[in-house]
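Commentary on secondary and tertiary structure
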Amino acid sequence: MKKEVTYASVFAMREFRAMWLAELTSVAGDQLARVALAVLVYQRTASAGLTGLTYALTYLPSLVGGLLLSGLADRYPRRNVMIVTDLARVALVAPMAIPGTPFWVLCVLLALMVTLHGPFKAAQLAMLADVLTGEKYVVGLAIRHITIQSAQLAGFAGGGALVAFIGPSTALALNAATFALSAGAVWWGVSHRPAARPKDRNGAVGTTAGGGMAVIWKDPVLRTLTLLAWLCGFHVTPEALAAPYATSLGEGAVAVGLIMASDPAGSVIGALVFTRWVPSERRVRLIGVLAVLAGIPLLFGFLYLPLVASMALFALSGAFAMAYHTQLGASFAQRIPDEVRAQGLGVMSTGVITVQGLGALAAGVLADALGSGAAIALAGVAATLVAVPAAISWGRGWQDQGATIAAERPSTG
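Summarised in this report is the structure supplied together with it. Fair warning: this is a prediction, and the values are worked out from it, not measured in the lab.

We now examine the overall build of the chain. Across its full length, the chain carries 20 helices and zero strands. Of all 413 residues assigned to the chain, the portion counted as buried reaches 52%. Restricting the contact set of the chain to residue pairs at least 6 apart, pairs at least 24 apart contribute 86%. Carbon and sulfur atoms make up 70% of the accessible area of the chain, which totals about 17,600 Å².

Right, here's the structure in full:
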C-alpha cells in the first residue's frame, strides 16, 4: 500500500526545512520592507506619485531578472545562485537603511535588489524539484503557498504597526538581515548539486529565458499549464480594487485591509483542503475545473454584497485558484526537462507577476469608468471565458499528453 505523504513527512527532510526557513524569512522581510519604503518615501517627499513609484519598484524589476537571468540557475549550481543572490541583496538593502540616503540612490538600489528576485526564485523553484519528488513536491508547494499567503496576511494585519514602532530605517535593516539568514539556511541546510546544464550543445552558455520559452511553446501540455497559471491576472482584481470597493460599500480603512486579506485567507484554506483531502490521482485532472471555478465568484462583484459576503466570495475565488495552482506548479516542474527547468519556471513565474500588474492596471482603468464592482465582475467574466477552452484542452489531453507529469520528466536527449 502506498504510504501517504503528509506535511510532517515533508518537513522531516532537512533540505526542505532549510529552503522553507529561507523563504519564510525573505517573505517576511519583503512584506516589512514594502511598508517601510512606502512610509519612508512619503515622509521624505510627501508625494503619493513617488510613493506609488517606489512601491512599483518592489515588483517590476523582477520581470527583467526573471526573463534575462533565470537561466543562471541552469548554468550554475542552483544552491550557489540562491546564496549569491541573497548575499548581493544584503549588500544592496543595507545602504537603503542608512538615514538620509538620497531618493534616487534608494530607487536604484531597490531596482537592483528586486531584479535579483528573478534568478533567486527560478533557482529556488528548480531546486525544490531536485529536493522533493513526486507527491512530496506537490505537498512542498502547498506548504510554500500557505507560508507565503500567511506572511501576506500577517503583513496586512501588522506591518504598518511594526514599522510605526521601530521606524522605517530599522525595518529595512531587518530586511537585510532576513536575506543573510536566508543565505545561511541554504548554505548549511541544502546539499551541493552540479549545474543542470553548464553549456548548450554548441558550447554557448544559455542564460536567458529563450530556452525555457522555446520548450514551453513546443509542448502543448506546458502551454496549457502556463495559460492557466496566468489567469491570476484576472483573479487579482478584488485585491487591486479593495480601496474603491470598500468605499462603495460605505466602509473605511479597516475594510480595505480585510478585503485585501480575503484572497490570501482563502488561498491558505484552498491549499490545505486540496492537498490533504483530495486524492493525488485526482488532482491533475481537476486543474482545469478549478481554474474555471476560480473566476465564478468574481461574477457577483457588481452586486456590492455586504462586507462579510463580499469577503467570502473573494476568499472562495482565492481558494479555488490556489488549489489548482498548487498542482499546476508541480505538474509544470515535473514536465519540463531539468536542463531548462529554471528558465521555464522563471518564464512562468515572471509571467504571473506581469499579468498581475497588468490586471491591476486594467482593473483600475475599468473601475474609473464603470465602478469597482463592475470591474471585478468583468474580470470574472474574462477569467471564465479564457479558462473554459483551456480547461477543455487540459481535459482532452492530460492523460495522453501529460502522462509523464505524474511519473518521470521527459528528456531533451
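A few words on the pattern of salt bridges. Opposite charge on two side chains allows them to pair when their charged atoms are near. Counted by the stated rule, this structure contains 11 salt bridges. Linking Arg 78 and Asp 74 is a salt bridge whose minimum nitrogen-to-oxygen distance equals 2.8 Å. Asp 74 carries the same exposure label as Arg 78, and that label is buried. Between Asp 130 and Arg 78 there is a salt bridge; the shortest N-O distance is 3.1 Å. Placement of the pair is Asp 130 in helix α8 (residues 117–131) and Arg 78 in helix α6 (residues 78–96), with a sequence separation of 52 residues. Salt bridges sharing partners connect three or more residues here, namely Asp 74, Arg 78, Asp 130, Asp 338 and Arg 341.

Here we take up the side chain of Ser 262. Structurally, the position occupied by Ser 262 is in helix α16 (residues 253–277). Look at Ser 262 and you get buried, because its relative accessible area is 4%. Residues contacting Ser 262, with those up to four places away along its chain left out, are Met 311, Phe 314 and Ala 315.

The interhelical angle for the contact between helix α4 (residues 61–69) and helix α7 (residues 103–115), taken along N-to-C directions, is 40°, at an axis separation of 7 Å. Taken together, the axes of α4 and α7 lie oblique to each other. Judged by the sense of rotation from one axis to the other, the crossing of α4 with α7 is right-handed. Between α4 and α7, the contacting residues are Pro 61, Ser 62, Gly 65 and Leu 69 on the first element and Ala 111, Val 114 and Thr 115 on the second.

With 32 residues, helix α2 (residues 14–45) extends 46 Å from end C-alpha to end C-alpha; this agrees with the ideal 46 Å at 1.5 Å per step. After α2 finishes, the residue Ala 46 shows a positive phi value of roughly 55°.

A few words now on the nonpolar core. Formed by 68 residues in total, the largest nonpolar core has its most connected members in Tyr 137, Leu 228, Tyr 324, Leu 328 and Phe 332. Considering each element in turn, this core owes the most residues, nine residues, to α8. Aside from chain neighbours lying at most four places away, what touches Leu 228 is Ile 287, Ala 291, Tyr 324, His 325, Leu 328 and Ala 390. Residues Leu 32, Ala 33, Leu 40 and Val 163 belong to the second largest nonpolar core, which totals 21 residues.

The subject of this paragraph is a nonpolar patch on the surface. Where nonpolar side chains cluster on the molecular surface, the patch consists of Val 64, Leu 67, Leu 68 and Met 213 and spans about 350 Å² of accessible area. In terms of residue count, the dominant contributor to the nonpolar patch is α4 (three residues). Following the sequence through the fold, Val 64 ends up in helix α4. Under the relative-accessibility criterion, Val 64 is labelled partly exposed at 46%.

Attention now moves to helix α17 (residues 280–295). If you check α17, its first and last C-alpha atoms are 24 Å apart, about what 16 residues at 1.5 Å a residue would give, namely 22 Å. Of all the bends in α17, the greatest measures close to 55° and is centred on Leu 286. What α17 keeps buried is the set Arg 283, Val 284, Ile 287, Gly 288, Leu 290, Ala 291, Val 292, Ala 294 and Gly 295.

This part is about the environment of Gly 233. Note on placement: Gly 233 falls in helix α13 (residues 232–235). In the structure, Gly 233 is positioned 118 residues away from Gly 351 in sequence and 9.4 Å away in space, judged by C-alpha atoms. Those residues in contact with Gly 233 that lie beyond four places of it in its chain are Val 355, Gln 356 and Gly 359.

So, how was this worked out
Residues numbered from 1 in each chain as written. Predicted model: local features only at pLDDT ≥ 70, side-chain atom pairs only at ≥ 80, totals over all residues. Heavy atoms only, no water. Helix = DSSP H or I, 4+ residues; strand = E, 2+ residues; numbered from the N terminus. Buried < 20%, exposed > 50% of the residue type's maximum accessible area, 1.4 Å probe, protein only. Contact = heavy atoms within 4.5 Å. Areas by Shrake-Rupley, 256 points an atom, 1.4 Å probe, with all protein chains shown as cover. Salt bridge = Lys/Arg side-chain N within 4 Å of Asp/Glu carboxyl O. Axes fitted to C-alpha atoms, helices over the stretch in contact; angles between N-to-C directions. Parallel < 35°, antiparallel > 145°, perpendicular 65-115°, else oblique. Left-handed = near helix turned anticlockwise from the far one by under 90°. Expected span 1.5 Å × (residues − 1). Core = buried A, V, L, I, M, F, W, Y, C linked by side-chain atoms within 4.5 Å. Patch = residues over 30% accessible without salt bridge, like charges linked within 9 Å, V, L, I, M, F, W, Y side chains within 5 Å. Bend = angle between axes of the 7 residues up to and from the residue.

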